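Overview (structure and organization)
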Amino acid sequence: MIPVLLIVIPLVTGLAGFFEKSGRRARSWSLLSSLLTLAVSLWGLSLDKSSGLLHADVEWLPELGSRFAVGLDGLSTILSLLTAICFPLIFIATWRDEYRGRSWNFYALMLLSQAGLMGVFLATDALLFYFFWELALIPVYFLCSQWGGEKRIAVTFKFFVYTFVGSLLMLIGLIWIYWHTPDHSFAMQSFYAMRAKIPAKDQMWLFWILFIAFAIKMPIWPLHTWQPDTYEQAPTATTMVLSALMVKMGLFGVIRWLAPVVPAGTWAWGDTVSAGCIIGMIYASLVAIRQDDLKRLIAYSSIAHVGLMCLAIFATTSIGMQGVMIQLFNHGINILGMWIVVDLIERQTGTRKISQLGGLAQKAPGLAILLVVVALANIALPLTNGFVGEFLLFSGVFTSKATQYNVVFTVVAGLTTILSAVYTLNMIRRVFFGSTNALTDRVTDIRVNEKIVLAVIVMIIVFVGVYPKPVLDLTKETAEFILGKMNYKL
Amino acid sequence: MNAIILSAVWGVVMMFSGIVTQSKTVIRNVAVLGLALLLIGNYADMTGHHLLVIEVHKMLFFDSFGLLGNSIAFASTLLLVLLSGRDMEKIGHNLAEYYALIFFVLCGVSLVTTFNSLLMLFLGIEILSIPLYILTGSDKKNLKSNEAALKYFLMGAFSTGLMLLGIAFLYGASATGTFIIDDLWTAKPAVSPLLMSGLLLLLVSIAFKVSAAPFHFWTPDVYDGAPTVFTSFMATIVKVSIFIGFVRLFDEGFGAGAAQWQIFVAIIAAATLFIGNITAVFQQSVKRMLAYSSIAQAGFMLLALLALTRVAKEGIILYAAAYSLATIGIFAILIRMKDYTFEGFNGLAKQQPLLAATCTIFLLSLAGIPLTGGFFAKYYMLAAVVSTGKFMWLVVFAVLCAAVSAYYYFRVIQAMYFKEGDAATETAPSAGFKGLLVLLAALVLVLGVFPQALLNQLYAFIYTW
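Residues numbered from 1 in each chain as written. Chains lettered and ligands numbered in written order. Predicted model: local features only at pLDDT ≥ 70, side-chain atom pairs only at ≥ 80, totals over all residues.

With that settled, consider the overall build of chain A. Helix and strand content of chain A: 21 helices and two strands. Scaling as 2.2 N^0.38, a compact globule of 490 residues should have a C-alpha radius of gyration of about 23 Å, and chain A matches this with 21 Å. Across its three principal axes, chain A shows a C-alpha extent of roughly 70 × 55 × 45 Å. Buried residues in chain A amount to 61% of all 490 residues. Across chain A, the fraction of contacts at a sequence separation of at least 24, relative to all contacts at a separation of at least 6, is 83%. (Helix = DSSP H or I, 4+ residues; strand = E, 2+ residues; numbered from the N terminus. Rg over C-alpha atoms; globule rule 2.2 N^0.38 Å. Buried ≥ 20, exposed ≤ 12 C-beta atoms within 10 Å, placed from the backbone. Contact = placed C-beta atoms within 7 Å.)

Right, here's the structure in full:
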């Protein structure tokens, strides 16, 4: 019941949004819709785990062995909650952004992308998962191509083709597994039951055919080239969706549909993927240091952070898996905070070039305080949520039995934390401190709607940083469950 | 049987309607009535109600696979006439004859989908082809139309010759001298060269008819030169019906020896996918792009021929419906455009939001995005081949080609939505036209969510002659 509502509310309100014919009304409409989704999501959180309301399973395509099956377990709860929290925050934070042309379509498409994301996170049927996986992409394609920056059409198309190739390959993998399930079923249980039955030889190629789709979405080096361009060109609200939520689709896919289904392949290729993650983390951090554009800087920092999470998944330790699940949530919240600050700066000064900015702290002290908290969370200082997550991730990688290079991985990945401090603090110094110039003189402090959003984000950051237990409790069971499936020898 | 009789009779009715009345509206309405009758007649056939009971001596075999194929062809033609009938009137003065020829093509179609003897296949292909040569050249004062008709005729006649030779070989190779397809491969301990060469000749000639590479060279010129309404007709109804016949022939006739010839089909499919998709990328005219896209889609349909499982047969039916609906929709919009190039579509979303929105749905369906019929069509094709466990390289190659196809389909979407321009339609589209487009888009979406709505028809009627 609840997972169905989480998909249907944004879907229906989104479709209705096309007929608003007024940007202002559509804006309020979409905020209302997203708040309603949030309320439903919180309702789901308050229910007991055994409640029947948390699952739905309806006949869909009986001949194909696919059902409309959705459900909330620890992993999907945390991600659907993240989605439900992010959308209202995005709408409030970008309340004053103007969209040219038929602006009500913008809000309608945003809601449709929310429906797609919810579907991806909630589906417990592989074909349904694939359905939503593709559907989440289409509204984003239109959002970026219509309302993005100058080079939007080419850049968005590159993004689209990348992900489309990945998802089609994934489809082959899913179909292959489907034909090999004894009852020809796409259900998650049937897929998990296959993990010991698929011959190791087949798991070797199945792993890649599925993983490429997820690796592109995350993105993992060397498949990341679409990301900085797309983040830079997309309208800020969509960039927020892309970086806070859509990259999670890749990590989620690995945890739910890859590692437990082809565990032998995951073990065999773990080191290869981890090496890619490590290279990507170092590379992205180094590039981020040299970036002058705020959006690109955050884009590269996101590659580094996601790389660490992927590394921890392949470490196959209980503590690391817990870390991934909590960090999925944290990273979404933190990066959303970063984007909101960038959006504020860009709207007021008209530029995102770090070299042209300076002295903002004098003009906008409120903004500066909030940004520093978010930035500290981004570089994982104690008392922030980032610390909890990254601490778990690092200890997970360090204690990993799945690889013999665990020490090397931990040390090199640890370096990126330092690099992350370098580019983040450097960015704060150059943007917020120093002397003001002609551009930054005009800046005023943040308004009430932005204050609310950033305050909420800071509250979540500090709360999870000081008292992460509720989140850990929520995901503990699922993390153990997935790990049990990944351990194919048992 | 109803369909064969009705289409032939109504073709004659259409010819005489041109003598009785000069009113274009009346002629069009008679055609619409005829198509509706055909649909009903075919449905009656499926449920076991026949106009005439004729002993066909196993020459024809009416199973729900072929009859459902007929239904798709007739329904698509009906939609085509309703959407683009008015545009047919602009081609020339012989409106009644055009309709008559269309009915004769449909007669050929219903033979090709239900044949059980190679002679009937040959007759069907000929009955279907000859009116098409005429329709291609129906824009008499247009050089390109004339060139297309001549090219089509010469190449088509040649391929028909090959087909006849192949049939003769097969006749000679069969133990008892038979044209019945069920008996072609029975009790053959070893494959004789005669049988194999006959089979390959048939494969080549039908590959020519469905414009599979490397026998596709006529397609772009003919599709480009023919009046756009008839291009739409050829690229959809005719092509998918021949495909249904194609699957029927290889399933019933040569299915037992699939291992012997599958590799040829795989190579043709790979070549078709590659050439169709890559060449479509470089086109500047949407009409030519659609010609190449129809080649590329044929490549995907060939996967059904490769697998020949139950899923493959369901898939080809679904593919036929999804592909026809989407392509007819796009062509109907294209006909109304002033400029057939990609630039001609620039800014269409601002001028005609509804046309652009429906066109987007059709294009997404052709690209195979979920929630549209095209997704499940492609899904069935891939699933069918994967289930056989062979030719995984071709499956991977096919999806990579599908990704390429996104490039040229999305170019139209980009032009309509994201580029500035003043795309103009020749005349303002009427409310009826828009309503039909919405209906068509809705059908595409229904197939994309509940493909079983169509496929269950395959099993709803168990009927043999």
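This next bit is on the overall build of chain B. If you tally the helices and strands in chain B, you get 18 helices and zero strands. Relative to a compact globule of 465 residues, whose C-alpha radius of gyration would be 23 Å, chain B shows 21 Å and is just as compact. In terms of overall dimensions, chain B has C-alpha extents of about 65 × 55 × 45 Å along its principal axes. Per-residue burial for chain B yields a buried fraction of 61% across its 465 residues. Long-range contacts, defined here as pairs at least 24 residues apart, represent 83% of the contacts in chain B between residues at least 6 apart.

Residue and element names in this part refer to chain A. Where strand S1 (residues 55–61) meets strand S2 (residues 66–71), six bridges bridge the pair, whose relative direction is antiparallel. Residue pairing in the sheet places His 55 in a bridge with Gly 71 of S2. Linkage of S1 to S2, two consecutive antiparallel strands, is achieved through a turn of four residues, within which Gly 65 is found at a positive phi near 70°. (Pairing = 2+ DSSP bridges.)

The next thing to look at is the interface of chain A and chain B. Think of interface size as the accessible area that goes away when the parts come together; that is how it is often given. Counting from both sides, the interface comprises 20 residues of chain A and, opposite them, 20 residues of chain B. Elements that contribute at least two residues to the side of chain A that touches chain B include exactly helix H5 (126–135), helix H6 (137–147) and helix H7 (152–180) of chain A. With twelve residues, H7 of chain A is the single largest residue contributor to the side of chain A that touches chain B. Here the residues of the side of chain A that touches chain B are counted per class, giving 16 nonpolar, two polar and two charged. (Nonpolar A, V, L, I, M, F, W, Y, C, P; charged D, E, K, R; others polar.)

Another point: unusual backbone geometry. Residue Met 218 of chain A is joined to Pro 219 of chain A through a cis peptide bond whose omega torsion reads -5°. Within the secondary structure layout, Pro 219 of chain A lies in the loop between helix H9 (200–217) and helix H10 (226–233). Following Ala 213 of chain B, the chain continues into Pro 214 of chain B via a peptide bond in cis, with omega recorded as 0°. Among the structural elements, Pro 214 of chain B can be located in the loop between helix H7 (193–209) and helix H8 (218–225). Unlike most non-glycine residues, Thr 316 of chain A shows phi in positive territory, near 55°. Of note in this structure, Lys 58 of chain B is not a glycine but carries a positive phi near 60°.

Right, let's talk about the confidence of the model for chain B for a bit. Parts of the model with low pLDDT should not have their predicted coordinates read in detail. Residues and elements named next belong to chain B. When pLDDT is averaged across chain B, the result is 90; 98% of the residues are at 70 or more. When the elements of chain B are averaged for pLDDT, helix H18 (residues 452–460) gives the smallest value, 81, and helix H4 (residues 95–114) the largest, 94. Overall fold confidence for the complex sits at a pTM of 0.93, while the interface term, ipTM, reaches 0.90. (pLDDT = per-residue confidence, 0-100.)

Glancing now at the nonpolar core. Counting residues in hydrophobic clusters, the biggest one holds 386 residues, and the most contacted among them are Cys 310 and Leu 311 of chain A together with Leu 303, Leu 318, Leu 382 and Val 385 of chain B. Per-element tally for this core: the top contributor is helix H12 (residues 310–336) of chain B, with 19 residues. (Core = buried A, V, L, I, M, F, W, Y, C linked by C-beta atoms within 7 Å.)

All names here are of chain B. The interhelical angle for the contact between helix H6 (residues 143–173) and H7, taken along N-to-C directions, is 155°, at an axis separation of 8 Å. As judged from the angle between their axes, H6 and H7 are roughly antiparallel. At the point where H6 passes H7, the crossing takes the left-handed sense. Contact residues: Ser 159, Thr 160, Leu 162, Met 163, Leu 165, Gly 166, Phe 169, Leu 170, Gly 172 and Ala 173 in H6; Leu 194, Leu 195, Ser 197, Gly 198, Leu 201, Leu 202, Val 204, Ser 205, Phe 208 and Lys 209 in H7. Split into classes, the residues belonging to the contact of H6 with H7 amount to twelve nonpolar, seven polar and one charged. (Axes fitted to C-alpha atoms, helices over the stretch in contact; angles between N-to-C directions. Parallel < 35°, antiparallel > 145°, perpendicular 65-115°, else oblique. Left-handed = near helix turned anticlockwise from the far one by under 90°.)

Next up on the list: the packing of helix H2 (residues 24–47) of chain B against helix H3 (residues 64–88) of chain B. Describing two packed helices takes the angle between their axes plus the distance from one axis to the other. Residues and elements named next belong to chain B. Contact geometry of H2 with H3 gives a least axis separation of 10 Å together with a crossing angle of 165°. The pairing of H2 with H3 is recorded here as roughly antiparallel in orientation. Between H2 and H3 lies a crossing whose hand is left-handed. Contacts between H2 and H3 involve Arg 28, Ala 31, Val 32, Leu 35, Ala 36, Leu 38, Leu 39, Asn 42, Tyr 43, Asp 45 and Met 46 from the former and Ser 64, Leu 67, Asn 70, Ser 71, Phe 74, Ala 75, Thr 77, Leu 78, Val 81, Leu 82 and Gly 85 from the latter. A per-class count over the contact of H2 with H3 returns 14 nonpolar, six polar and two charged.

Residue and element names in this part refer to chain B. With respect to the element layout, Met 88 can be found in helix H3. By C-beta crowding, Met 88 is classed as buried, having 26 other C-beta atoms within 10 Å. Counting along the chain gives 21 residues from Met 88 to Val 109, while the straight-line C-alpha distance between them is 21 Å. Beyond its immediate stretch of four places on either side in the chain, Met 88 contacts Leu 95, Tyr 98 and Val 229.

Attention now moves to helix H15 (residues 373–388) of chain B. Note: α-helices contain 3.6 residues per turn, so residues at a spacing of three or four share the same orientation. Residue and element names in this part refer to chain B. In this model H15 runs 23 Å from its N-terminal to its C-terminal C-alpha over 16 residues, within 8% of the 22 Å that 1.5 Å per residue would give. Counting buried residues along H15, 14 of its 16 residues qualify, which places the element largely inside the surrounding structure. Where H15 ends, the next residue or the one after it, Gly 389, has phi of about 80°, a positive value. (Expected span 1.5 Å × (residues − 1).)

This brings us to the environment of Val 408 of chain A. For Val 408 of chain A, the position within the fold is in helix H18 (residues 406–432). Put simply, Val 408 of chain A and Met 246 of chain A are 162 residues apart on the chain and 30 Å apart in space, counted from C-alpha to C-alpha.

Compared with the 28 Å implied by 1.5 Å per residue over 20 residues, the 29 Å span of H4 of chain B between its first and last C-alpha is a close match. Of all 20 residues in H4 of chain B, 20 are buried, a share of seventy percent or more.

With that out of the way, let us pick up the environment of Glu 97 of chain B. Residues and elements named next belong to chain B. Of note, Glu 97 is situated in helix H4. Put simply, Glu 97 and Met 14 are 83 residues apart on the chain and 6.9 Å apart in space, counted from C-alpha to C-alpha. In this view, Glu 97 contacts Met 15 and Gly 18; residues no more than four positions away in its chain are not counted.

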